[in-house]
Amino acid sequence: MTHNEALFKYIIRIGDNSLILGQRLSEWCGHGPVLEEDIALTNTALDLIGQATSLLKYAGEIEGKGRNEDQLAFLRYEHEYLNCQLVELPNTDYAYTLARQFLFDHFNYLMYQELLDSEDKQLAAIAEKSLKEVTYHRRRSSEWMIRLGDGTQESHERIQAAMDDIWEYSGELFTGDDIDQMMLDSGIGVNLTKIKAEWHKSVAEVLETATLEKPKDDFMQLGGKQGKHTEYMGYILAEMQYMQRAYPNCEW
Amino acid sequence: MVNQTHTEQELWELLEQVKDPEVPVLSVVDLGIVRKIERIDAAWEVTITPTYSGCPAMRTIEKEIEALLREHHIPLVGIKTSLSPAWTTDWISEKGRTNLRAYGIAPPENEVDKSVLFAAPLVVPCPKCNSKNTKMVSEFGSPACKAHYQCNDCFEPFDYFKCLR
């Protein structure tokens, strides 16, 4: 693998995480439990899709085959998406949606913090911009953990069950491969071992305040970063890509 | 083509006419998203920066800048987007802040260090009655750049332009 191929995939992974989670969150549009939450989730989705736009646009430039951000977002096949499996999990209910968001926000925050010092100046610029938004996401989802965990008996049970269920998807965030290593060696990528420790610490702190039990690290689901996805992924793409597949090159 | 030369200062003044479509009392200059106006040979290049990554107003703003310059027969090389340094609400001008308040939107307050996960709640004075007895209703208002508040004294619900740093 050449340096540029690795860089392309590295940026695609970050971009796809934002894109797919943004798409997932936007499913809540018009279905939020209260109006303010409906607006909050869709605004978070908007931030994520905005970040995905910057990242996929840049990935297209690195690839140099003339693909723009829209072509990358809407015209790839499932195995070409390199997001982690966590972000493609279904919304299920509000507890699952927020547990997923909480685990991801803490990772995203730490990752962008590290990317500020990336040797790749464009990636550092995108990180600088995105970090301001992700900081807000992280605070919001953390506050929700406390509200639900330390709330009623039912809210406590449901958020704990959601956390226990999706925990096995958190390990992928920190499982590196040769692409991660190449990017780390060239000073572009982040040190996953380092942010893993910080992530466990900050996640544990919030869960403790929320009177929730931090699940034990056991078997972890892997593969999304290499293009192997859960059975839920195809449905997301079917909906997301429908317009471009049915009406190629259609524009607003 | 009309043979006309403009100064950079004239262009800055001209761009005051382009308003943020979400907040029509703020010009793009007051909002601080026009970063640079540069002459390249016989034409101009305008550099803008987004407020939020996904802000849907950015494309409208670009189109409006293009249209305005075309109307004034000012040749444009293009509109460039820069991400770094990232926009902060500190770049909103004093005039912009005054206009926001008059329009019923509370301008950004100086917030404490954002790296602290749970900071003390922020006091946002009501733009109508100036009372400091207000409460946050939602972390997000209509667009991503605002939060929703309500005044406990005059009961006015209002938008707060969030501090971003």
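Sequence order as written defines the numbering, with residues in each chain counted from 1. Chain labels run from A onward and ligand labels from 1 onward, assigned in the order the entries are written. Only residues with pLDDT of at least 70 are given local features in this predicted model, and only at 80 or more are side-chain atom pairs given and counted; all residues enter the totals for whole chains, interfaces and linings.

Comments concerning the sheet that holds strand β1 (residues 34-40) of chain B
Backbone hydrogen bonds are what pair the strands of a sheet, in a parallel or an antiparallel way.
All names here are of chain B.
And step 1. Should DSSP find at least two bridges between two strands, the strands are regarded as paired. By definition, any uninterrupted DSSP run of H or I lasting at least four residues is a helix, any uninterrupted run of E lasting at least two residues is a strand, and each is numbered from the N terminus. Strand order in the open sheet formed by three strands is β1-β2-β3, with mixed pairing between adjacent strands. The open sheet has two edge strands, β1 and β3 (76-81), and neither has a second partner. With strand direction ignored, the average angle separating the axes of adjacent strands in the sheet is 15°.
And step 2. With five bridges joining them, strand β2 (residues 43-48) and β3 adopt parallel strand pairing. Axis geometry follows a simple rule: fit a line to the C-alpha atoms, using only the stretch in contact for helices, then measure angles between N-to-C directions, giving values from 0 to 180 degrees.

Comments concerning the sheet that holds strand β4 (residues 105-106) of chain B
Residues and elements named next belong to chain B.
And step 1. With mixed pairing, four strands are arranged side by side in an open sheet as β4-β7-β6-β5. Whereas interior strands pair on both sides, the edge strands pair on one side only; in this sheet they are β4 and β5 (134-138).
And step 2. By the bridge criterion, four bridges tie β5 to strand β6 (residues 146-151) in an arrangement that is antiparallel. Along β6, the bridge assignment pairs Ser-138 with His-148.

Observations concerning the environment of B:Arg35
Residue and element names in this part refer to chain B.
And step 1. With respect to the helices, strands and loops of the structure, Arg-35 is situated in strand β1.
And step 2. Residues Arg-35 and Thr-49, spaced 14 residues apart in sequence, show a C-alpha to C-alpha distance of 6.8 Å.
And step 3. This entry defines residue contacts through backbone-placed C-beta atoms, with two residues in contact when those atoms are within 7 Å. Sequence-distant contacts of Arg-35, defined by excluding residues within four places in its chain, comprise Thr-47, Ile-48, Thr-49 and Ser-82.

Section: the packing of helix α4 (residues 94-115) of chain A against helix α8 (residues 192-209) of chain A
Residue and element names in this part refer to chain A.
And step 1. Following both chains from N to C, one finds α4 and α8 inclined at 140°, their axes separated by 10 Å at the closest point. Considered as vectors, α4 and α8 are oriented oblique to each other. Every pair of crossing elements has a handedness; the one defined by α4 and α8 is right-handed. Contact residues: Leu-103, His-106, Phe-107, Leu-110, Met-111 and Glu-114 in α4; Ile-195, Glu-198, Trp-199, Ser-202 and Val-203 in α8.
And step 2. The nonpolar class holds Ala, Val, Leu, Ile, Met, Phe, Trp, Tyr, Cys and Pro. Asp, Glu, Lys and Arg form the charged class, and all remaining residues, Gly among them, are polar. Here the contact of α4 with α8 is composed, by residue class, of seven nonpolar, two polar and two charged. Throughout, the term roughly parallel applies to angles under 35 degrees, roughly antiparallel to angles over 145, roughly perpendicular to angles from 65 to 115, and oblique to all others. Crossings are assigned a handedness: left-handed for a near helix turned anticlockwise from the far helix by less than a right angle, right-handed for a clockwise turn.

Notes on helix α7 (residues 178-185) of chain A
All names here are of chain A.
And step 1. Burial in α7 covers these residues: Ile-179, Asp-180 and Met-183. Buried residues of α7, viewed axially, fall in a sector of 100°; they line one side. Looking at α7, the residues exposed on the side facing more than 90 degrees away from the buried face are Asp-178 and Asp-185.
And step 2. Two residues or fewer past α7, Gly-187 is found with a positive phi of approximately 75°. Field definition: a residue is buried when 20 or more other C-beta atoms are found within 10 Å of its C-beta, exposed when 12 or fewer are, and partly exposed for counts in between, with C-beta atoms placed from the backbone. Arc definition: it is the arc formed by the directions from the helix axis to the C-beta atoms.

Concerning the confidence of the model for chain B
And step 1. Per-residue confidence for chain B gives a mean pLDDT of 89; residues scoring 70 or more make up 94%.
And step 2. Model confidence for the complex: the whole-complex pTM is 0.92, and ipTM, which rates the interface, is 0.83. How sure the predictor is of each residue is captured by pLDDT, a score from 0 to 100.

Points about the interface of chain A and chain B
It is common to give the size of an interface as the accessible area that goes away when the parts come together.
And step 1. Taken together, the contact pairs 21 residues of chain A with 16 residues of chain B.
And step 2. Listed by contribution, the elements that provide at least two residues to the side of chain A that touches chain B are α2 (35-63) and α5 (121-149) of chain A.
And step 3. For the side of chain A that touches chain B, the element with the most residues is α5(A), which contributes 11 residues.
And step 4. Broken down by class, the residue content of the side of chain A that touches chain B amounts to six nonpolar, seven polar and eight charged.

As for α2(A)
Residues and elements named next belong to chain A.
And step 1. Multiplying 1.5 Å by the residue count of a helix minus one yields the expected span of that helix. Over its 29 residues, α2 extends 41 Å from the first C-alpha to the last, a length consistent with the 42 Å expected when each residue adds 1.5 Å.
And step 2. α2 sits mainly inside the fold: 22 of its 29 residues count as buried.
And step 3. Positive backbone phi, at 70°, marks Gly-64, one or two positions downstream of α2.

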